[in-house]
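The chain contents come next:
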Amino acid sequence: MGLLIFDLEGKFAHFRKYDTNSSSLTYSAPPRTVICGMIAAILGMEKNSYYSLFIPQKAKIGVRILSKNHKVMQSLNYWKTEGTKDFRTPTNHTQIPFEVLTNQQKVAYRIYFEHEDTSICMELEKRLKEQKYYFAPYLGAAPFQCYINNVEYITEEQINNQEKLPFATIVRICNIEEDSVEFHNGSFVLTRERMPRYFDENRYLEEAASYLLELNGKPLIMKYNGEVRKVQYKDGEEYITFL
């Protein structure tokens, strides 16, 4: 089975945390659900119609951080509505904190996508290469449109991981063997974030998981007990896993 890879690049990003309320905080990388929604939009699927098509048993999605991003907090002005009349003649406003990911050059992520239905991968590859999106892609929020580059469809090798390997992608913490992560090869900026994995057909959260992220995009050496793939393409060789 082949693996489709492509890079997302933009100036700003915002991937809203599902457990925040009025303050809009962002994840450090796009959750699995965001990538599913982006792919569905590019392919022109109906809203809320694709959740069963992208469950983890059918679709494999990996994410690698390519840029050293930082978070900034902005304030957005919203209408303050206390009744239906405020929609017709708004008089009051309120300011809401809004967290944004940015970088002096670009915010960038590499996406790894595999689906049991190869026709979905082939159609997605065709649309990405021809830049014929049904809906334009963006990095989490509609104002933050992005470019898609470095589209490749490559072969992969499944690895029975019996040793420590350098993982380029975000990893699920539950699959990391205890005390196996190596930190002595340089400085790291690590964070742990709990992100949604997928929704049911009614858009209720079906599963969330905790992930380990290296925010500078450096590979982390560890023993991983989940699904592992070895990929080779023009940028070299990588070991990856899926969200």
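The structure presented is a predicted model; accordingly, all values stated were derived computationally and were not measured.

Analysis parameters
- Residues numbered from 1 in each chain as written.
- Predicted model: local features only at pLDDT ≥ 70, side-chain atom pairs only at ≥ 80, totals over all residues.
- Heavy atoms only, no water.
- Pairing = 2+ DSSP bridges.
- Helix = DSSP H or I, 4+ residues; strand = E, 2+ residues; numbered from the N terminus.
- Expected span 1.5 Å × (residues − 1).
- Contact = heavy atoms within 4.5 Å.
- Disulfide = S-S within 2.5 Å.
- Core = buried A, V, L, I, M, F, W, Y, C linked by side-chain atoms within 4.5 Å.
- Buried < 20%, exposed > 50% of the residue type's maximum accessible area, 1.4 Å probe, protein only.
- Salt bridge = Lys/Arg side-chain N within 4 Å of Asp/Glu carboxyl O.

This part covers the sheet that holds strand E7 (residues 171–172). Strands sit in the order E7-E9-E8 across an open sheet of 3 strands; the sheet is antiparallel. Each edge of the sheet is formed by a strand with only one pairing partner; in this case those strands are E7 and strand E8 (190–199). In terms of strand pairing, E7 meets strand E9 (residues 205–214) through 2 bridges, oriented antiparallel. Residue pairing in the sheet places Arg172 in a bridge with Tyr211 of E9.

A separate point is helix H3 (residues 118–130). Between its terminal C-alpha atoms H3 stretches 18 Å, which fits the 18 Å expected from 13 residues at 1.5 Å a residue. Those residues of H3 that are buried are in contact with strand E1 (2–13), helix H1 (32–43), strand E4 (93–115) and strand E5 (147–159). Note on H3: the residue one or two positions beyond its end, Gln131, has a positive phi of about 55°.

What the rule picks out here adds up to 0 disulfides. Cys36 supplies the cysteine sulfur nearest to Cys174, a cysteine that is in no disulfide, at a spacing of 17 Å.

For the rest of this paragraph, the subject is the nonpolar core. If you look at the biggest cluster of nonpolar residues, it comprises 45 residues, and the most contacted ones within it are Phe6, Leu8, Tyr109, Phe113 and Leu124. Within the residue set of this core, elements represented by two or more residues are E1, H1, strand E2 (59–65), E4, H3, E5, E8 and E9. Once residues within four sequence positions are removed from consideration, Phe113 is found in contact with Leu3, Leu4, Ile39, Phe54, Ala59, Lys60, Ile61, Ile120, Cys121 and Leu124.

Before going further, it helps to examine the pairing of E5. Pairing geometry for E1 and E5, over 7 bridges, is antiparallel. Within the sheet, the bridge partner assigned to Ile5 lies in E5 and is Glu152. In the sheet, E5 pairs with strand E11 (residues 228–233) via 4 bridges, with the strands oriented antiparallel. Counterpart to Glu157 in the pairing with E11 is Lys230.

Next up on the list: unusual backbone geometry. One non-glycine residue with positive phi stands out, namely Asn48, at about 65°. Relative to the helices and strands, Asn48 resides in the loop between H1 and E2. With a phi angle near 60°, Asp179 is a residue other than glycine that sits in the positive phi range. Within the secondary structure layout, Asp179 lies in the loop between E7 and E8. Of the residues examined, Asp179 reaches a relative accessible area of 72% and is grouped as exposed.

Moving on, we come to the environment of Phe167. Tracing the backbone through its elements, the reader meets Phe167 in strand E6 (residues 165–167). Taking the C-alpha atoms as reference points, Phe167 and Gln57, separated by 110 residues in sequence, lie 22 Å from one another.

Right, let's get into the pattern of salt bridges. A side chain with one charge can pair with a side chain of the opposite charge if their charged atoms come near. Counted under the stated rule, the structure contains 18 salt bridges. Residues Lys164 and Glu182 are paired through a salt bridge, measuring 3.5 Å at the closest nitrogen-oxygen approach. On the criterion of sequence distance, the pair formed by Lys164 in the loop between E5 and E6 and Glu182 in the loop between E7 and E8 is long-range, its members being 18 residues apart. On the accessibility criterion, Lys164 (40% relative accessible area) is partly exposed. For Glu182, a relative accessible area of 19% puts it in the buried group. The partner of Glu207 in a salt bridge is Arg197, and the shortest N-O contact between them spans 3.3 Å. Separated by 10 residues along the polypeptide, Glu207 in strand E9 and Arg197 in strand E8 bring together distant segments of the chain. Residue classification places Glu207 among the partly exposed positions, given a relative accessible area of 25%.

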